[in-house]
Amino acid sequence: MSYRAKTAWLLAVAGYVTACGGGSTEPVTVDALSASFDPLAAARAAYGVTATRPADFFDDTDPYPDRLTLTAHVRLAVIDPASTRDIDLCSDDGAEAQTLAERHAATFAASPTLVSTDTTPWYYEASFDLKSVDPTMLRSRVYRCAALDRDAPIETALARLNRTPLDRSDVKFAVEYLWTFSADNTALQAVLSSDTTQFSDGFEHEIVRVTVQKFVGADRCDRLTIWRDSYRVDLADRLLTRRQTPLESFEARYRSGDAELCGD
C-alpha cells in the first residue's frame, strides 16, 4: 500500500468512514491457531518490513498517484446533519447516487469539479477535483443496495449482503472491503491471513491480524497482539456479523530497519 493511499484511507476513516460497528470482543484467550504464526514474522509485517497484507487481499488501487486521494463513502450525517443516525448510504439509482456524491463533495470544497464516474458491482463512484492548493482528489462512493446495505436491522450486524447468488468471493470481498474502510485499518497493523469457508447455511470468514501498541512493554518495547476476527453470514438473513478475539501478545520493537523480539 502506498503512502498516499494509506493517507487517504486514514483521512477517510477520521472524517467520513465509520468503523465496522457491531460484533463483540471476547476476553484474552490463547488459541492453538496463534501457534501457526511466527512472532518475528508477524512483527516484521506489522512494522512494514515485509508485506502487510496477504497477496490476494483487497487492494483499492489509487488512479491519481500524483496527488492526494481521499476515498470516502457518503454518510447520512453528512447529507442530513440533523439526522440522529449515521450510516453509509446505498442506492440502486445511479443518478441519485451521483447527486449524493455531489452533495458530499460540496462539504469538502466550494467548487469541486466532477472528473469521472464509475459503477462497480458493489458501489457507485464519482471522482472530484477539490481545487485545493495541494492537488487533492475525492473519490465519493455510494453502495449499491442490491449488493451491500449498511442499514442493518440489528445493531450487531455490520451490513446485509444482498448479492444474489452470494458466493465465497463475494463474502471475501465484502469483509476485506469493509475492513479496509474501518478504524481497524491503521498504521502499525498487518493482516496475516484472510480466508472464507462456505457451509450449507452460510459463510464464515476469518481475518488474523497483528496490532502494535507503542512503548507499553518493558524497556520501551512495543506490545504486539495477534487477533482473530471471525465474520459470519447466514443465508437465511444475509446479515454480516463479527466477533473479535485476542489470541496472544508479545513484545517487539523496530530497530535499524528491522523488527526484533524483546525479552529473548
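First, a word on scope: everything that follows refers to the structure included in this document. (Residues numbered from 1 in each chain as written. Predicted model: local features only at pLDDT ≥ 70, side-chain atom pairs only at ≥ 80, totals over all residues. Heavy atoms only, no water.)

1. Quick notes on the pattern of salt bridges
So, step 1. For the coordinates displayed, the defined rule picks out 22 salt bridges.
So, step 2. We note a salt bridge from R139 to D60, for which the minimum N-O separation is 3.2 Å. Of this pair, R139 sits in strand β5 (residues 136-143) while D60 sits in the loop between α2 (39-46) and β2 (68-73), and the two are 79 residues apart along the sequence.
So, step 3. When its relative accessible area of 5% is taken as the criterion, R139 is described as buried.
So, step 4. Looking at D60, the relative accessible area reads 7%, which means it is buried.
So, step 5. Between R150 and D88 there is a salt bridge; the shortest N-O distance is 2.9 Å. Here the residue R150 occupies a position in the loop between β6 (148-149) and β7 (157-161), and D88 occupies one in the loop between α3 (76-79) and α4 (94-106), the gap between them amounting to 62 residues. Side by side, R150 and D88 carry an identical accessibility label, which is buried. (Salt bridge = Lys/Arg side-chain N within 4 Å of Asp/Glu carboxyl O. Helix = DSSP H or I, 4+ residues; strand = E, 2+ residues; numbered from the N terminus. Buried < 20%, exposed > 50% of the residue type's maximum accessible area, 1.4 Å probe, protein only.)

2. Things to note about the pairing of strand β8 (residues 189-199)
So, step 1. In the sheet, β8 pairs with strand β9 (residues 202-213) via 10 bridges, with the strands oriented antiparallel. Bridge assignment links S194 to a residue of β9, and that residue is I207.
So, step 2. In this structure, the hairpin formed by β8 and β9 is closed by a connection of two residues. (Pairing = 2+ DSSP bridges.)

3. As for α2
So, step 1. Of the residues making up α2, those classed as buried are A42, A43, A45 and A46. The arc that holds the buried residues of α2, viewed along the axis, is 160°, so those residues lie on one side.
So, step 2. At the C-terminal side of α2, G48 shows a positive phi close to 80°. (Arc of directions from axis to C-beta.)

4. Focus: the sheet that holds β5
Remark on secondary structure: sheet strands pair via backbone hydrogen bonds, oriented parallel or antiparallel.
So, step 1. Taken in spatial order, the four strands of this open sheet run β2-β5-β4-β3, and their pairing is mixed. Among the strands making up the open sheet, the edge pair consists of β2 and β3 (113-119). The mean inter-strand angle of the sheet, taken between neighbouring strand axes irrespective of direction, is 20°.
So, step 2. Pairing of β3 with strand β4 (residues 123-129) involves six bridges; the strand directions are antiparallel. In the sheet register, T119 faces β4, and the bridge partner there is Y124.
So, step 3. Sheet contacts for α4: β2, β3, β4 and β5; angle to β4, the most-contacted strand, approximately 40°. (Axes fitted to C-alpha atoms, helices over the stretch in contact; angles between N-to-C directions. Contact = heavy atoms within 4.5 Å.)

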